[in-house]
Amino acid sequence: MAKRKKAVIIDGRKVASVVKESIKKEVAEMIDSKDASPHLAAVLVGDDPASETYVASKEKAAHTAGMISSTYRYPADITEKELLEVVDYLNNDEEIDGYIVQLPLPGHIDENKIIHRINPAKDVDGFTPENVGKMVLGQPAFLSATPFGIMELLKYYKISVAGKHCVVLGRSNIVGRPMSILLSQKNDAANATVTLCHSATKNLEEITRSADILIAAIGKQQFVKADMVKEGAVVIDVGIHRLKDETKKSGYRLVGDVDFDEVMKKASFITPVPGGVGPMTIAMLLKNTLLAHKKEIYS
Ligand code: GUN
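Below, the structure is looked at part by part. (Residues numbered from 1 in each chain as written. Predicted model: local features only at pLDDT ≥ 70, side-chain atom pairs only at ≥ 80, totals over all residues. Heavy atoms only, no water.)

**A word on helix H1 (residues 12-32)**
Next, step 1: Here H1 is 21 residues long and its end C-alpha atoms lie 30 Å apart, about the 30 Å a rise of 1.5 Å per residue gives.
Next, step 2: For H1, the set of buried residues is Gly-12, Val-15, Ala-16, Val-19, Ile-23, Val-27 and Met-30. Buried residues of H1, viewed axially, fall in a sector of 105 degrees; they line one side. In this structure, H1 carries Arg-13, Lys-25 and Asp-32 as exposed residues pointing more than 90 degrees from its buried face.
Next, step 3: Near the N-terminus of H1, the side chain that reaches the backbone nitrogen of Arg-13, with its oxygen 3.2 Å away, is that of Asp-11.
Next, step 4: Lys-34, located one to two residues past H1, shows a positive phi value of around 70 degrees. (Helix = DSSP H or I, 4+ residues; strand = E, 2+ residues; numbered from the N terminus. Expected span 1.5 Å × (residues − 1). Buried < 20%, exposed > 50% of the residue type's maximum accessible area, 1.4 Å probe, protein only. Arc of directions from axis to C-beta. Polar contact = N/O pair within 3.5 Å; in protein donor to acceptor, adjacent residues only side chain to side chain.)

Following this line, the structure appears as structure tokens:
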């Protein structure tokens with residue numbers, strides 16, 4: 001029997017750095033020609049450590065790319081009305097090109113109400129109904145950064161999507177649902193046949209085994225096992241979880257929604273955790289900020 005080829009491990013850090021370098025170059029040219037730097041703002045409510053880490057990484061990446069970055073911090077007991085006033089302020093501040101409201105928000109605040117108030121032209125997360133609607137219609141829109149980053153990874157590795165069966169696990173507004181829409185769009189980078197699986201899906205393993213491209217965004221650690229994956233499939237792991245590991249100085253290691261060690265023996269391409277999808281999310285947020293500054297989506 002012919003020996004099967006080893007899986008290619010998709011290097012999200014490398015692709016993200018290619019995207020970020022190109023943004024940095026464009027920002028430097030803007031500054032040289034006396035244009036202002038793009039300005040990304042973030043709103044951080046409460047002291048959730050994961051949100052703190054994400055916002056700090058976004059700030060650092062923005063600075064490295066030559067952008068202006070500012071973080072608006074509020075205590076967890078800010079009222080919904082006060083937070084809506086913050087959003088109104090950011091909508092009207094002409095110095096700010098784009099901003100994000102880091103999720104999750106405390107339980108007493110209606111996330112939808114906050115998101116719906118964001119000016120779509122500054123919605124670099126692509127979460128507002130206007131941007132989601134435009135994405136569904138295939139019109140220019142700010143795309144949610146994680147699915148946008150996954151499309152970029154597939155493109156970079158020349159993984160053809162057209163006509164393939166793509167199975168997406170998870171229907172979140174941030175990842176699963178927009179991912180399923182982008183993959184099925186009528187354009188050269190997409191044209192896939194898509195199945196979106198969720199908690200009520202029957203015969204899940206049968207469906208995942210028929211996937212040419214499997215995208216795991218289900219939020220359950222190491223959920224995808226080798227027997228759920230077709231030989232030669234492309235496997236993209238969106239999950240990120242801390243797994244206790246006494247051999248590590250930190251006391252934990254990061255794992256995804258896919259059992260990497262098992263699944264890599266069957267996959268043709270696979271993203272690792274960390275270093276796969278994660279770095280792309282930040283790179284695409286910067287890309288959206290640049291597009292917002294250049295008024296390429298909303299003039
Ligand atoms: N929380 C987890 N991921 C995200 C994201 O991409 N954007 C925002 N605003 N909050 C998040």
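So much for the structure itself; the text now carries on.
**Describing the side chain of Ser-180**
Next, step 1: Among the structural elements, Ser-180 can be located in helix H7 (residues 176-184).
Next, step 2: For Ser-180, a relative accessible area of 9% gives the class buried.
Next, step 3: Beyond its immediate stretch of four places on either side in the chain, Ser-180 contacts Val-168, Val-194 and Leu-196. (Contact = heavy atoms within 4.5 Å.)

**With respect to the packing of aromatic side chains**
Next, step 1: Counted by the stated rule, this structure contains four aromatic pairs.
Next, step 2: Among the aromatic residues, ring-to-ring pairing joins Tyr-156, Tyr-157 and Phe-269 into one connected group.
Next, step 3: Geometry around Tyr-252 places Arg-242 over its ring, the cationic atom sitting 4.1 Å from the centre. (Phe/Tyr/Trp six-rings, centres within 6.5 Å; stacked < 30°, edge-to-face > 60°. Lys NZ or Arg CZ within 6 Å of the ring centre and 35° of its normal.)

**Examining the packing of H1 against helix H6 (residues 145-156)**
Next, step 1: In the contact formed by H1 and H6, the axes pass within 11 Å of each other and the chain directions differ by 100 degrees. When the interaxial angle is binned, H1 and H6 end up roughly perpendicular. In contact with Gly-12, Lys-14, Val-15, Val-18 and Val-19 of H1, H6 contributes Glu-152, Leu-153 and Tyr-156.
Next, step 2: For the contact of H1 with H6, a count of residues per class yields five nonpolar, one polar and two charged. (Axes fitted to C-alpha atoms, helices over the stretch in contact; angles between N-to-C directions. Parallel < 35°, antiparallel > 145°, perpendicular 65-115°, else oblique. Nonpolar A, V, L, I, M, F, W, Y, C, P; charged D, E, K, R; others polar.)

**With respect to the environment of Glu-296**
Next, step 1: Inspection of the secondary structure puts Glu-296 in the segment after helix H10 (277-293).
Next, step 2: In sequence terms Glu-296 and Ala-61 are 235 residues apart; their C-alpha atoms lie 21 Å from each other.
Next, step 3: Reaching out from Glu-296, the side chain makes a polar contact with the side chain of Lys-294 at a distance of 3.2 Å.

**Section: the site of the ligand**
Next, step 1: Around the ligand lies a shell formed by Lys-58, Val-101, Gln-102, Leu-103, Asp-125 and Phe-127.
Next, step 2: Take Gln-102: an N or O atom from its side chain is 3.3 Å from a nitrogen atom of the ligand.
Next, step 3: Here a nitrogen atom of the ligand sits 2.6 Å away from a polar atom, N or O, in the side chain of Asp-125.
Next, step 4: Taken by itself the ligand offers 280 Å² of open surface, and the protein chains cover 81% of this.
Next, step 5: Class assignment of the residues belonging to the shell around the ligand gives a composition of three nonpolar, one polar and two charged. (Near = heavy atom within 4 Å. Areas by Shrake-Rupley, 256 points an atom, 1.4 Å probe, with all protein chains shown as cover.)

**Details of the pairing of strand E3 (residues 68-74)**
Next, step 1: Pairing between strand E2 (residues 39-45) and E3: seven bridges, direction parallel. Bridge pairing links Leu-40 to Ser-69 in E3.
Next, step 2: Running through helix H2 (residues 49-64), the crossover from E2 to the neighbouring parallel element E3 is right-handed. (Pairing = 2+ DSSP bridges. Right-handed = clockwise from strand over helix to strand, strands pointing away.)

**Quick notes on the sheet that holds strand E4 (residues 98-101)**
Next, step 1: Here we have three strands laid out as an open sheet, ordered E3-E2-E4, and parallel in their pairing. In this open sheet, the two edge strands, each paired with only one partner strand, are E3 and E4. Direction aside, the axes of adjacent strands within the sheet are offset by 15 degrees on average.
Next, step 2: Sheet topology note: the E2/E4 ladder contains four bridges and is parallel. Each bridged residue has a counterpart across the sheet, and for Ala-41 the counterpart in E4 is Tyr-99.

**Examining the pattern of salt bridges**
Next, step 1: According to the stated counting rule, one finds 12 salt bridges in the structure shown.
Next, step 2: As a salt-bridge pair, Lys-294 and Glu-26 come within 2.4 Å of each other at their nearest N and O atoms. Linking Lys-294 in the segment after H10 with Glu-26 in helix H1, this pair joins segments that are 268 residues apart in sequence.
Next, step 3: Residue classification places Glu-26 among the partly exposed positions, given a relative accessible area of 26%.
Next, step 4: The residue Glu-152 makes a salt bridge to Lys-155 at a minimum N-O spacing of 3.8 Å. With Glu-152 and Lys-155 both in helix H6 and three residues apart, the pair spans about one turn of that helix.
Next, step 5: The network of salt bridges with shared partners includes Glu-26, Lys-294 and Glu-296. (Salt bridge = Lys/Arg side-chain N within 4 Å of Asp/Glu carboxyl O.)

Remember that the coordinates give geometry; whether it matters functionally is a separate question.
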